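Next come the chains, spelled out residue by residue.
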Amino acid sequence: MKIPVLEIFGPTIQGEGAVIGKKTVFIRTAGCDYQCSWCDSAFTWDGSGKDDIKMMTANEIVTELKAIGLENFQHVTISGGNPALLKQLGELIDILKELNLRIGLETQGTVWQDWMLNIDDLTISPKPPSSGMETNYSKLNEMIEQLTERVTNGHVSLKVVIFDDKDLNYAKKIHTKYSSVPFYLSVGNEDLTMENDVELAQKLLQKLDWLVGKVINDPEFNDARVLPQLHALLWGNKKGV
Ligand SMILES: C[S@@+](CC[C@H](N)C(=O)[O-])C[C@H]1O[C@@H](n2cnc3c(N)ncnc32)[C@H](O)[C@@H]1O
Ligand SMILES: Nc1nc2[nH]cc(C(=O)O)c2c(=O)[nH]1
Ligand code: SF4
Ligand SMILES: [Mg+2]
């Protein structure tokens, strides 16, 4: 089965979550089971990117990685869309492992795949109320339960994007429910069409300051970490970075 790919880009740095700052190459798959109101990658599911989708075999993807130069990176991040919709990613993940690449993957926690047990840095990012999406807790529970050993070994984290106080309450609920999973709060970017990078960075830093203030003053977040999207601070809303 081929894989619907929208972008392969990098090396860049992972801009979000537990692996922030790590040099990595991104593979972005097409298709999502959600439609978050503030999705910064809506072209993966809203039809606007459909002409750019390439149906690729695992080997064709590896050929592209080799063209980037395997000596230039040791980490690959698979994102989307929701890559967890693609059972066939298992083959690619096996090949990447054989090439001694470390693998990160971003998903929202709605669909389980057995290959998740082979992901080195799995980020599960359940969606808060501002997204307009409804969390299916039975799916999320099931996923986190199947990953118990992976959590123990440091391969899994939770990341909730925050836009407002309601999102913070949601984040608290998630963090409390899954207290053994490393927990990240990530600043939401609401200015997805802003072209002025300096102005955007200023706004995002203000939101980061607001979020840090909330965490500092709330004992329920004593074990949480707060981060901006580092790539948005550096490069604004640019695609493919
Ligand atoms: C584009 S999503 C793709 C992976 C998967 N569908 C998910 O949502 O986890 C990658 C990450 O970007 C985050 N994200 C999307 N839009 C964002 C925005 N406007 N501001 C901050 N983070 C955002 C998501 O929450 C997720 O953690
Ligand atoms: N640099 C960089 N870091 C990221 N972390 C998560 C991303 C994503 O869109 O999944 C992303 C992205 O698109 N670029
Ligand atoms: S789940 Fe991820 S890719 Fe899908 S709409 Fe939400 S942020 Fe975008
Ligand atoms: Mg992104």
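Residues numbered from 1 in each chain as written. Chains lettered and ligands numbered in written order. Predicted model: local features only at pLDDT ≥ 70, side-chain atom pairs only at ≥ 80, totals over all residues. Heavy atoms only, no water.

Points about the overall build of the chain
- Helix and strand counts for the chain come out as seven helices and nine strands.
- Whereas a compact globule of 241 residues would reach a radius of gyration of roughly 18 Å, the chain reaches 17 Å, a difference of no more than 12%.
- For the chain, the proportion of its 241 residues judged to be buried stands at 54%.
- Entry remark: accessible area of the chain is about 11,400 Å², with carbon and sulfur atoms responsible for 48%. (Helix = DSSP H or I, 4+ residues; strand = E, 2+ residues; numbered from the N terminus. Rg over C-alpha atoms; globule rule 2.2 N^0.38 Å. Buried < 20%, exposed > 50% of the residue type's maximum accessible area, 1.4 Å probe, protein only. Areas by Shrake-Rupley, 256 points an atom, 1.4 Å probe, with all protein chains shown as cover.)

Section: the packing of helix α1 (residues 58-68) against helix α2 (residues 89-98)
- It is at 9 Å that the axes of α1 and α2 come closest, and there the two elements cross at 40°. The angle between α1 and α2 falls in the class oblique. Crossing angle aside, the handedness with which α1 passes α2 is right-handed. Across from Ala58, Asn59, Ile61, Val62 and Leu65 in α1, the residues of α2 making contact are Glu91, Leu92, Ile95 and Leu96.
- Residues of the contact of α1 with α2, tallied by class, amount to seven nonpolar, one polar and one charged. (Axes fitted to C-alpha atoms, helices over the stretch in contact; angles between N-to-C directions. Parallel < 35°, antiparallel > 145°, perpendicular 65-115°, else oblique. Left-handed = near helix turned anticlockwise from the far one by under 90°. Contact = heavy atoms within 4.5 Å. Nonpolar A, V, L, I, M, F, W, Y, C, P; charged D, E, K, R; others polar.)

Quick look at the packing of aromatic side chains
- Scanning the model with the defined rule gives two aromatic pairs in all.
- Consider the rings of Phe9 and Phe26, whose centres lie 5.1 Å apart with planes at 15°: the pair is stacked. Here the residue Phe9 occupies a position in strand β1 (residues 3-13), and Phe26 occupies one in strand β2 (residues 23-29), the gap between them amounting to 17 residues. Each of the two residues, Phe9 as well as Phe26, counts as buried.
- Lys239 extends its terminal NZ or CZ atom over the ring of Phe43, reaching a point 4.7 Å from the ring centre. (Phe/Tyr/Trp six-rings, centres within 6.5 Å; stacked < 30°, edge-to-face > 60°. Lys NZ or Arg CZ within 6 Å of the ring centre and 35° of its normal.)

Considerations on the site of ligand 3
- By nearness alone, every residue bordering ligand 3 is listed as Cys32, Tyr34, Gln35, Cys36, Cys39, Trp45, Gly81, Gln108 and Lys127.
- Of the residues contributing to the shell around ligand 3, the split by class is five nonpolar, three polar and one charged. (Near = heavy atom within 4 Å.)

Observations regarding the pattern of salt bridges
- Inspection of every chain in the model, using the stated rule, returns twelve salt bridges.
- When the shortest N-O distance is used, the salt bridge between Arg28 and Glu7 registers 2.7 Å. Of this pair, Arg28 sits in strand β2 while Glu7 sits in strand β1, and the two are 21 residues apart along the sequence. In terms of burial, Arg28 and Glu7 fall into one category: buried. (Salt bridge = Lys/Arg side-chain N within 4 Å of Asp/Glu carboxyl O.)

Here we look at the UniProt feature "domain: Radical SAM core" (unreviewed entry) in the chain
- When the UniProt feature table is mapped onto this chain numbering, "domain: Radical SAM core" (unreviewed entry) sits at residues 19-237.
- With 34% helix and 19% strand, residues 19-237 has its two end C-alpha atoms placed 20 Å apart. (UniProt positions renumbered as here; feature names shortened; annotations may be inferred.)

Considerations on the UniProt feature "binding site: [4Fe-4S] cluster" (unreviewed entry) in the chain
- Under the UniProt annotation, the feature "binding site: [4Fe-4S] cluster" (unreviewed entry) is placed at Cys32, Cys36 and Cys39.
- Contacts of Cys36, omitting those with residues within four sequence positions, involve Trp45, Lys127, Ser131 and Met133.
- As for its position among the elements, Cys39 is in the loop between β2 and β3 (54-56).
- Not counting chain neighbours up to four residues away, the residues in contact with Cys39 comprise Trp45 and Leu192.

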